[in-house]
Amino acid sequence: MAQYQLTLNKKTCIMNVSTNGIDFLGFHYYIMNQKVIMKVRKITKKRLRQKMKKLDYLYGKKKITEKDIEQVIASYQGHLKYGNTYFLRKKYLKNIEKKVS
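These remarks concern the structure in this document. (Residues numbered from 1 in each chain as written. Predicted model: local features only at pLDDT ≥ 70, side-chain atom pairs only at ≥ 80, totals over all residues. Heavy atoms only, no water.)

**Focus: the sheet that holds strand β2 (residues 27–32)**
Paired through their backbone hydrogen bonds, the strands of a sheet run either parallel or antiparallel. Put simply, the rule is: A pair of strands is considered paired only if DSSP assigns at least 2 bridges between the two. Going along the chain from the N terminus, every DSSP run of H or I of four or more residues is numbered as a helix, and every run of E of two or more is numbered as a strand. Convention adopted: a line fitted to C-alpha atoms gives each axis, helices being fitted over their contacting stretch, and angles between N-to-C directions are expressed from 0 to 180 degrees.
Pairing is antiparallel across the open sheet formed by three strands, whose spatial order is β1-β2-β3. In this open sheet, the two strands that pair with only one neighbour each are β1 (22–24) and β3 (35–40). This sheet shows a mean twist of 30° between the axes of neighbouring strands, independent of strand direction. As judged from the six bridges shared by β2 and β3, these two strands associate in the antiparallel manner.

**Topic: the packing of aromatic side chains**
The test is simple: Only centres within 6.5 Å qualify two rings of Phe, Tyr or Trp (six-membered ring in Trp) as a pair; their planes then separate them into stacked at under 30 degrees, edge-to-face at over 60, and tilted for everything else. For each residue, the accessible area found with a 1.4 Å probe, counting protein chains only, is set against the maximum for its type, and the residue is called buried under 20%, exposed over 50%, and partly exposed in between. Here, over-ring charges are defined by two tests on the NZ atom of lysine or the CZ atom of arginine: distance to the ring centre within 6 Å, and angle to the ring normal within 35 degrees.
Counted under the stated rule, the structure contains two aromatic pairs. Plain terms: the ring middles of Y86 and F87 are 5.1 Å apart, the flat faces sit at 80° to each other, and that makes the pair edge-to-face. We classify F87 as exposed; its relative accessible area is 65%. Sitting over the face of the ring of Y59, K62 holds its NZ or CZ atom 5.9 Å from the ring centroid.

**Observations regarding the environment of L6**
When you line up the elements, L6 lands in the segment before α1 (17–20). Since its relative accessible area comes to 70%, L6 is described here as exposed. Separated by 34 residues in the primary sequence, L6 and V40 place their C-alpha atoms 32 Å from one another.

**Details of the side chain of T85**
Let me state the cut-off plainly: Under the rule applied, a polar contact is a pair of N or O atoms within 3.5 Å (in protein, one hydrogen donor and one hydrogen acceptor; residues adjacent in sequence only if both atoms are side-chain atoms). What makes two residues a contact is simply this: any of their non-hydrogen atoms within 4.5 Å.
Examined against the element boundaries, T85 turns out to sit in the loop between α3 (66–80) and α4 (86–100). A distance of 2.7 Å separates a polar side-chain atom of T85 from the backbone oxygen of L80. Residue contacts for T85: discarding those within four places in its chain leaves F27, V40 and L80.

So, in C-alpha cells, the structure goes:
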C-alpha cells in the first residue's frame, strides 16, 4: 500500500462515522448494518416548514406570484431528491402546490 504524505490542518477532525455519523449539505449520514443511511437534518426540515408557511402567507397577501413559489419548490425538490424524502416532500411541498394551483 502506498504511503501518502498528507498533512491535516487544525479544522480537520478524524472521527468514527459509525457511531456519530456526519452532517453534510442538509443531510445526516450514518452507517447502519454496513449501509450508509442518509436522513434530512432536523434543522433542514424546520427551515422547509417555515419557508412553506411564509410562502403561503405571502401568496395570500398577493406579495409574491405563483412563479416565485414554483422556483422555491423546484429548488427544494432538487435538493431533497437525493435522500429518502418522499413523505417529507409530500407533506410540505405538495400542500403548497395545491393551494397555489
